[in-house]
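Now for the letters of each chain:
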Amino acid sequence: AKASGPGHYVQFKQELQTAQDDRFLLQRELETALETNSLEVAFQPLVRAEDRRIIGFEALCRWPHPRLGSVSPAEFIPLAETSGLIGQLTEQVLTRSCQAALHWPSEMRLAVNISPVLLRSEDFVHDIARILQSTGLPADRLEVEITEGVFVYDTTRVVSHLDALRALGVRVAMDDFGTGYSSLNYLTRLPINKLKIDKSFVARLGENKANDAVVSCVVGLAKSLGIRTTAEGVETEAQAELLSAVGCDSFQGYLFGRPTSDPMAMIVAECKATP
Ligand code: C2E
Ligand code: CA
Ligand code: CA
Ligand code: CA
C-alpha cells in the first residue's frame, strides 16, 4: 500500500500512468502482430491413459514479441478480450491449427481454446463452420475448450451456441474444471463431451487425501454422465498412475510432452518407437 504524503501520491499516479501507457502500447503491438499474422501456435500432445499414445494436440497461442521476448498468453489473452481483438486472434489460431491438423493421422483431434466472450455471439458458430469448410478439417476432429467463465453470460444463449457447434460435429470440453464457479449442476445442463481437470488438482495428487477424493469423484461422476476426462499438468509418473487408477481417460502435461511448434516430429517419433 502507498503511504500518505504528496510525494507518495505523485509516485503512485506516475506508476498508474505508466501501467496504462504500457497496456496501451502492448495493445497497439498486439494489433500489429495480428495485422502481420505474426502470432504463432504451439501444440501440446494429449495421450490416452491406457497406452499413452497421442490422441490429439491442444493449440496454444504464442506471441514472439520483438522487445519483450515471448509474452505469456495468460497476459495477452485477457488484453485481447478487453480490447476487442480476441475474435481476430482466435480466427488466426483456428485457421493455422486446422491447417496443421490436416497433416496428422486422421484419428488425432485438435483442441482449441475459445474465450467466453466469443461464445456470446452467434456469429461465432458461423465463423467456426466457415473455417472448417475453408481448411477442409472434418468437424469431428475439432474440440473447443471452454471455461466456467461462460457462466458470466446468459447461459441459455451459450447453451444454444454450443448445441449448434455439437450439431456440426464439433466436440466441447470444459477446461480448468474445478477452478471457477463450479456447480456440478451445470454438468447436466451443458452439452459437454469432456472435462479437463485443472492442473492445480493434479499438482496436489498424493499429498492430500481430500484432494485425491475430489479428483476421484469428479472422474467417477463424469463417467456416469458419459463425459470423458483429461487431467492437465501431469508432470510425474506418480500422478499419472494415481489418475489411471481412478479411471481418468487421458493426460496432458510435461511428462508426455511440452508445447511444440513441430507436432509432426512428435508424431513421427512415436511411430518409430512403436511400429
Ligand atoms: P490452458 O488452456 O489451461 O492451457 C494449459 C496451460 O498449461 C498452457 O499454458 C500449457 O503450456 C501449460 N502446461 C501444460 N502442461 C503443463 C505441466 O505439466 N505443468 C505446468 N505447470 N503447466 C503445463 P500456456 O500455453 O502458457 O497458456 C496459458 C493459458 O492461456 C491457457 O491455459 C489458455 O487459457 C490461454 N490460451 C492459450 N492460447 C489461447 C488461445 O489461442 N485462445 C484463448 N482464448 N486462450 C488461450
Ligand atoms: Ca485449454
Ligand atoms: Ca486448462
Ligand atoms: Ca488454465
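Residues numbered from 1 in each chain as written. Chains lettered and ligands numbered in written order. Predicted model: local features only at pLDDT ≥ 70, side-chain atom pairs only at ≥ 80, totals over all residues. Heavy atoms only, no water.

An unreviewed UniProt entry annotates the protein as Diguanylate cyclase of Maritalea myrionectae.

Participant: Before we go on, may I ask you to explain the packing of aromatic side chains in this structure?
Facilitator: Within a pair of aromatic rings, the relevant descriptors are the distance that separates the centres and the angle that separates the planes. Counting across every chain of the model gives four aromatic pairs. Pairing Phe57 with Trp104 gives two aromatic rings, centres 4.8 Å apart and planes at 55 degrees, and the pair type is tilted. Of this pair, Phe57 sits in strand 2 (residues 54–65) while Trp104 is found in the loop between helix 3 (86–101) and strand 4 (109–113), placing the two residues 47 residues apart along the sequence. When the centroid spacing of 5.5 Å and the interplanar angle of 15 degrees are considered together, the rings of Phe251 and Phe256 count as stacked. Across this residue pair, the class does not change: Phe251 and Phe256 are buried. (Phe/Tyr/Trp six-rings, centres within 6.5 Å; stacked < 30°, edge-to-face > 60°. Helix = DSSP H or I, 4+ residues; strand = E, 2+ residues; numbered from the N terminus. Buried < 20%, exposed > 50% of the residue type's maximum accessible area, 1.4 Å probe, protein only.)

Participant: Whenever I open this one, the state of the cysteines confuses me. Can you help?
Facilitator: Here a disulfide denotes a covalent bond joining the sulfur atom of one cysteine to the sulfur atom of another. Using the criterion set out here, one finds zero disulfides in the structure. Cys61 supplies the cysteine sulfur nearest to Cys98, a cysteine that is in no disulfide, at a spacing of 14 Å. Judged by relative accessible area, which is 0%, Cys98 ranks as buried. (Disulfide = S-S within 2.5 Å.)

Participant: Just checking my understanding: could you explain the pairing of strand 2 for this structure?
Facilitator: Here strand 2 lies mainly inside the structure; nine of its 12 residues are buried. Pairing geometry for strand 1 (residues 40–48) and strand 2, over eight bridges, is antiparallel. What sits directly across from Gln44, in strand 2, is Glu58. Following strand 1, the chain reverses through five residues before pairing antiparallel with strand 2; Arg52 in that reversal takes a positive phi of roughly 60 degrees. Bridging between strand 2 and strand 4 involves four bridges; their strand directions are parallel. Bridging across to strand 4, Phe57 finds its partner in Leu110. (Pairing = 2+ DSSP bridges.)

Participant: Whenever I open this one, the side chain of Asn211 confuses me. Can you help?
Facilitator: With respect to the secondary-structure elements, Asn211 resides in helix 9 (residues 209–224). Here Phe201 takes part through its backbone oxygen, which lies 3.1 Å from a polar atom of the side chain of Asn211. In contact with Asn211, other than residues within four places in its own chain, are Phe201, Arg204 and Leu205. (Polar contact = N/O pair within 3.5 Å; in protein donor to acceptor, adjacent residues only side chain to side chain. Contact = heavy atoms within 4.5 Å.)

Participant: What is the right way to look at the packing of helix 3 against helix 5 (residues 123–135) in this model?
Facilitator: Any two packed helices are characterised by how steeply their axes cross, that is the angle between the axes, and by the distance between the axes. Two numbers describe how helix 3 lies on helix 5: the axes approach to 10 Å, and their chain directions differ by 30 degrees. Seen from above, helix 3 lies across helix 5 with right-handed handedness. Contact with helix 3, carried on its side by Glu91, Leu94, Thr95, Cys98 and Gln99, involves Ile128, Arg130, Ile131, Leu132 and Thr135 of helix 5 and no other residues of that element. Here the contact of helix 3 with helix 5 is built from residues that sort into five nonpolar, three polar and two charged. (Axes fitted to C-alpha atoms, helices over the stretch in contact; angles between N-to-C directions. Left-handed = near helix turned anticlockwise from the far one by under 90°. Nonpolar A, V, L, I, M, F, W, Y, C, P; charged D, E, K, R; others polar.)

Participant: What is the right way to look at the pattern of salt bridges in this model?
Facilitator: Pairing between side chains becomes possible if they bear opposite charge and their charged atoms approach one another. Tallied over the full model, the rule gives 11 salt bridges. Among the ionic pairs, Glu145 bridges to Lys196, the shortest N-O distance being 2.7 Å. Of this pair, Glu145 sits in strand 5 (residues 142–146) while Lys196 sits in strand 7 (residues 194–197), placing them 51 residues apart in sequence. For the pair formed by Glu145 and Lys196, the shared burial category is buried. For Asp249, the salt bridge identified is with Arg228, shortest N-O distance 3.5 Å. (Salt bridge = Lys/Arg side-chain N within 4 Å of Asp/Glu carboxyl O.)

Participant: Is there a simple way to explain the coordination of the calcium ion (ligand 3) in this structure?
Facilitator: Where a metal carries four tetrahedral donors, each ideal angle is 109.5 degrees; where it carries six octahedral donors, the ideal angles are 90 or 180 degrees. Every protein donor of the calcium ion (ligand 3) is accounted for by Asp175 (OD), Asp176 (OD), Glu232 (OE) and Glu232 (OE), and the metal-donor separations fall at 1.9 to 2.8 Å. Sequence spacing of the donor residues for the calcium ion (ligand 3), all on one chain, is D-D-x55-E. The distance between the calcium ion (ligand 3) and the calcium ion (ligand 2) is 3.9 Å, with Asp175 acting as a donor to both metals. Among the residues examined, Asp176 registers a relative accessible area of 26% and is labelled partly exposed. (Donors = N, O, S within 2.8 Å, 3.2 Å for Na, K, Ca; no water.)

Participant: It is not clear to me how the layout of surface pockets should be interpreted in this structure. Could you clarify?
Facilitator: Here the idea is plain: a probe the size of a water molecule rolls over the atoms and shows the empty space left. What the largest pocket holds in volume is close to 960 Å³. For the largest pocket, the lining is made up of 38 residues, of which Glu58, Leu60, Asn113, Asp175 and Asp176 are closest to its centre. At the level of secondary structure, the elements contributing two or more residues to the lining of the largest pocket comprise strand 2, helix 2 (73–82), helix 3, strand 4 and strand 6 (171–177). Among the residues making up the lining of the largest pocket, the classes are represented as 15 nonpolar, 12 polar and 11 charged. (1 Å grid on protein atoms, 1.4 Å probe; cavity = no way out; pocket = protein on both sides within 12 Å on 5 of 7 lines; lining within 4 Å. Points joined across faces, edges and corners; volume = space filled by probe spheres on them.)

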